[in-house]
Amino acid sequence: MDLSLDEVESPMGVMLLAAGGGAIHALDFADCAPRLRRLLEARYGAVALHSAADPCGFSGRLRAYLGGDLGALKDVPFEPGGTVFQRRVWAEVRRIAPGSTRSYGEIAVSLGQPSASRAVGLANGRNPVCLVIPCHRVIGAGGELTGYAGGLERKRWLLAHEGASGEAGEQLLRL
């Protein structure tokens, strides 16, 4: 598999965006590059990443989101791979609006599997296209910020960037 790779500066550090065939296949932070490559290789086997500026205009859309256009990533085509369950979780996570949060348990209930909050957490943690699938909007049952592969400081920044309200917003104010 050959994919184009761009590095995008962000307030949270450099982000890596891998795209091909008109879709984003991976989006992660540069310090998480081994995870990005591992997830791509698990899906495709050998992967060649070729440096490219703004593949398919996706880097520009990412910059727009980071600049305050919170809807810039909403309709970006992406190919996350994953199991049937992971895809169901990711589809549900995509429904969380900017500035809103939902707990792992709430997502499990919405999937008709109320006892699957741990499985939801595991699926959320394997999200290969952060921000496109906004896994940072998923929080713990008591409103605590938990479980973000890019680090809780980045999750905190993203929720503040989106103007998070409710429990997550209150927790941001306490920090």
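Residues numbered from 1 in each chain as written. Predicted model: local features only at pLDDT ≥ 70, side-chain atom pairs only at ≥ 80, totals over all residues. Heavy atoms only, no water.

Asks: Now, about the packing of aromatic side chains: what can you tell me, with residues and values included?
Replies: On inspection of all chains with the given rule, the structure shows 0 aromatic pairs. Here arginine 154 stacks its cationic end above the ring of phenylalanine 29, 4.0 Å away from the centre of that ring. (Phe/Tyr/Trp six-rings, centres within 6.5 Å; stacked < 30°, edge-to-face > 60°. Lys NZ or Arg CZ within 6 Å of the ring centre and 35° of its normal.)

Asks: A description of unusual backbone geometry should follow, citing residues and the corresponding values.
Replies: Of note, the phi angle at aspartate 54 is positive, near 50°, even though the residue is not glycine. With respect to the helices and strands, the residue aspartate 54 is situated in the loop between strand S4 (48-51) and helix H2 (58-66). Judged by its relative accessible area of 32%, aspartate 54 is partly exposed. At cysteine 56, a residue that is not glycine, the phi angle is positive and equals roughly 55°. Mapped onto the fold, cysteine 56 is located in the loop between S4 and H2. (Helix = DSSP H or I, 4+ residues; strand = E, 2+ residues; numbered from the N terminus. Buried < 20%, exposed > 50% of the residue type's maximum accessible area, 1.4 Å probe, protein only.)

Asks: Outline the environment of alanine 23, supporting the account with residue identities and numerical values.
Replies: For alanine 23, the position within the fold is in strand S3 (residues 23-29). Sequence separation between alanine 23 and arginine 63 is 40 residues, and the spatial gap between their C-alpha atoms is 17 Å. Filtering out sequence-adjacent residues up to four positions away, alanine 23 remains in contact with Ala18, Phe58, Pro77, Phe78 and Glu79. (Contact = heavy atoms within 4.5 Å.)

Asks: An account of the nonpolar core is needed here, citing residue identities and associated values.
Replies: A general trend in soluble globular proteins is that nonpolar side chains are found buried together. Grouped together as the largest cluster of nonpolar side chains are 36 residues, with contacts concentrated most on Met15, Ile24, Leu27, Leu62, Cys130 and Leu131. Taken together, the elements giving at least two residues each to this core come down to strand S2 (15-20), S3, H2, helix H3 (84-94), helix H4 (104-110) and helix H5 (117-125). The contacts of cysteine 130, once residues within four sequence positions are left out, are Met15, Leu27, Asp28, Phe29, Cys135 and Tyr148. Core analysis: the next-biggest nonpolar cluster, separate from the first, contains 8 residues, Leu3, Leu16, Leu36 and Val47 among them. (Core = buried A, V, L, I, M, F, W, Y, C linked by side-chain atoms within 4.5 Å.)

Asks: I'd like to hear about the state of the cysteines, residue by residue, with values.
Replies: Here, disulfide denotes a covalent bond that connects the sulfur atoms of two cysteines. Summed over all chains, the structure comprises 0 disulfides. There is no disulfide at cysteine 56, and the cysteine sulfur nearest it, in cysteine 130, is 18 Å away. Unpaired in this structure, cysteine 135 has its nearest cysteine sulfur neighbour in cysteine 130, at a distance of 6.1 Å. (Disulfide = S-S within 2.5 Å.)

Asks: Mind laying out the sheet that holds strand S1 (residues 2-8), listing which residues take part and the relevant values?
Replies: Read across the open sheet, the 4 strands follow the order S3-S2-S1-S4; overall the sheet is mixed. With partners counted over all chains shown, the strands left at the sheet margins are S3 and S4, one partner each. When the angles between neighbouring strand axes are averaged without regard to direction, this sheet yields 30°. Note that S1 and S2 share 5 bridges and pair antiparallel. From the neighbouring strand, glutamate 7 faces S2, where its bridge partner is leucine 16. Sheet contacts for H2: S1, S2 and S3; angle to S1, the most-contacted strand, approximately 30°. (Pairing = 2+ DSSP bridges. Axes fitted to C-alpha atoms, helices over the stretch in contact; angles between N-to-C directions.)

Asks: Before we move on, can you summarise helix H1 (residues 33-44) with the specific residues and values?
Replies: A rise of 1.5 Å per residue sets the reference length of H1, with its 12 residues, at 16 Å; its end C-alpha atoms lie 16 Å apart and thus fit the reference within 8%. If you check which residues of H1 are buried, you get Arg35, Leu36 and Leu40. Viewed along the axis of H1, the buried residues span an arc of 130°, placing them on a single side of the element. Relative to its buried face, H1 has exposed residues pointing more than 90 degrees away, namely Pro34, Arg38 and Ala42. Those residues of H1 that are buried are in contact with S1, S2, S3, S4 and H5. One or two positions beyond H1, positive phi appears at glycine 45, with a value near 80°. (Expected span 1.5 Å × (residues − 1). Arc of directions from axis to C-beta.)

Asks: So, the environment of arginine 43: which residues are in play, and what are the values?
Replies: Looking at the element boundaries, arginine 43 is found in helix H1. Spatially, the C-alpha atoms of arginine 43 and glycine 71 are 28 Å apart, while their sequence positions differ by 28 residues. Contacts of arginine 43, omitting those with residues within four sequence positions, involve His25, Glu79, Pro80, Gly81 and Pro128.

Honestly, it's all geometry; don't read function into it.
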